[in-house]
Amino acid sequence: MSKNVWVKLKEFKCPSKHCTSKKPLKWRCAKDDHSVYLSQRGIIKCGSKGDQHRGDLSRWGWNCGSEYHKGKFNRADFEGFTFAVSQAVQLMDKMGSQWVQELMGSIGKQYER
Ligand SMILES: [Zn+2]
Ligand SMILES: [Zn+2]
């Protein structure tokens, strides 16, 4: 397994299943307001010390603040997340195609594709 290479999630649209908001956002941890990071191994964490807010992408809760959520946090589905990645052009440019390819493989495994 390769080491986690982290990228800060900014200008990233909400990947929640059924959420229709297309607005790119900078994501923050709901518990402590730290920035949120994603690795190519499909792991999400916030920037707090001690890594207590960390987990598989498929189990992470998202809320972009749109009406759809009604204040709740929703998980992303495979399609919602891959679409959000495809829209995050700057993120893909920054991390490169190999990183993105590994991310897609990791996500596919989490969702058993
Ligand atoms: Zn946190
Ligand atoms: Zn949303």
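Residues numbered from 1 in each chain as written. Chains lettered and ligands numbered in written order. Predicted model: local features only at pLDDT ≥ 70, side-chain atom pairs only at ≥ 80, totals over all residues. Heavy atoms only, no water.

1. Some details on the overall build of the protein chain
If you tally the helices and strands in the protein chain, you get 3 helices and 6 strands. Listed by position from the N terminus, the elements making up the protein chain come as β-β-β-β-β-β-α-α-α. For 113 residues, the compact-globule estimate of 2.2 N^0.38 gives 13 Å, and the C-alpha radius of gyration of the protein chain, at 13 Å, lies within 12% of that figure. For the protein chain, buried positions account for 42% of its 113 residues. Sequence-distant contacts in the protein chain: of pairs separated by 6 or more residues, those separated by 24 or more amount to 53%. Across the protein chain, the 21 positively charged side chains and the 11 negatively charged ones have centroids separated by 3 Å. (Helix = DSSP H or I, 4+ residues; strand = E, 2+ residues; numbered from the N terminus. Rg over C-alpha atoms; globule rule 2.2 N^0.38 Å. Buried < 20%, exposed > 50% of the residue type's maximum accessible area, 1.4 Å probe, protein only. Contact = heavy atoms within 4.5 Å. Lys, Arg positive; Asp, Glu negative; His and termini not counted. Charge placed at Lys NZ, Arg CZ, Asp CG, Glu CD.)

2. Quick notes on the coordination of the zinc ion (ligand 2)
Listed as protein donors to the zinc ion (ligand 2) are Cys-14 (SG), Cys-19 (SG), Cys-64 (SG) and His-69 (NE2); their distances from the metal cover 2.0 to 2.3 Å. For the zinc ion (ligand 2), the 4 donor atoms are set out with angles of 104 to 114° between them, so the coordination reads as tetrahedral. Accessibility expressed as a relative area gives 17% for Cys-64, which makes it buried. You can call His-69 buried: its relative accessible area is 3%. (Donors = N, O, S within 2.8 Å, 3.2 Å for Na, K, Ca; no water. Tetrahedral: all angles 85-135°; square planar, octahedral: opposite > 155°, others 65-115°.)

3. Overview of unusual backbone geometry
Of note in this structure, His-18 is not a glycine but carries a positive phi near 75°. Considering the arrangement of structural elements, one finds His-18 in the loop between strand 1 (6-8) and strand 2 (36-39). Unusually for a residue other than glycine, Asp-33 sits at a positive phi of about 70°. Secondary-structure assignment places Asp-33 in the loop between strand 1 and strand 2. When its relative accessible area of 49% is taken as the criterion, Asp-33 is described as partly exposed.

4. With respect to the pairing of strand 2
Note that strand 1 and strand 2 share 3 bridges and pair antiparallel. Residue pairing across strands places Trp-6 opposite Ser-39, the latter belonging to strand 2. With 3 bridges joining them, strand 2 and strand 3 (residues 43-46) adopt antiparallel strand pairing. Across the sheet, Tyr-37 pairs through a bridge with Lys-45, a residue of strand 3. (Pairing = 2+ DSSP bridges.)

5. With respect to the side chain of Ser-39
Along the chain, Ser-39 falls in strand 2. One polar contact links the side chain of Ser-39 to the main-chain amide nitrogen of Arg-41, over a distance of 3.0 Å. (Polar contact = N/O pair within 3.5 Å; in protein donor to acceptor, adjacent residues only side chain to side chain.)

6. Brief notes about the coordination of the zinc ion (ligand 1)
Those donors, Cys-29 (SG), Asp-32 (OD), Asp-32 (OD), Cys-46 (SG) and His-53 (ND1), are the protein atoms that reach the zinc ion (ligand 1), and they lie 2.0 to 2.6 Å from it. Of note, the zinc ion (ligand 1) draws all its donor residues from one chain, in the sequence arrangement C-x2-D-x13-C-x6-H. By relative accessible area, which is 7% here, Cys-29 ends up buried. Among the residues examined, Asp-32 registers a relative accessible area of 28% and is labelled partly exposed.

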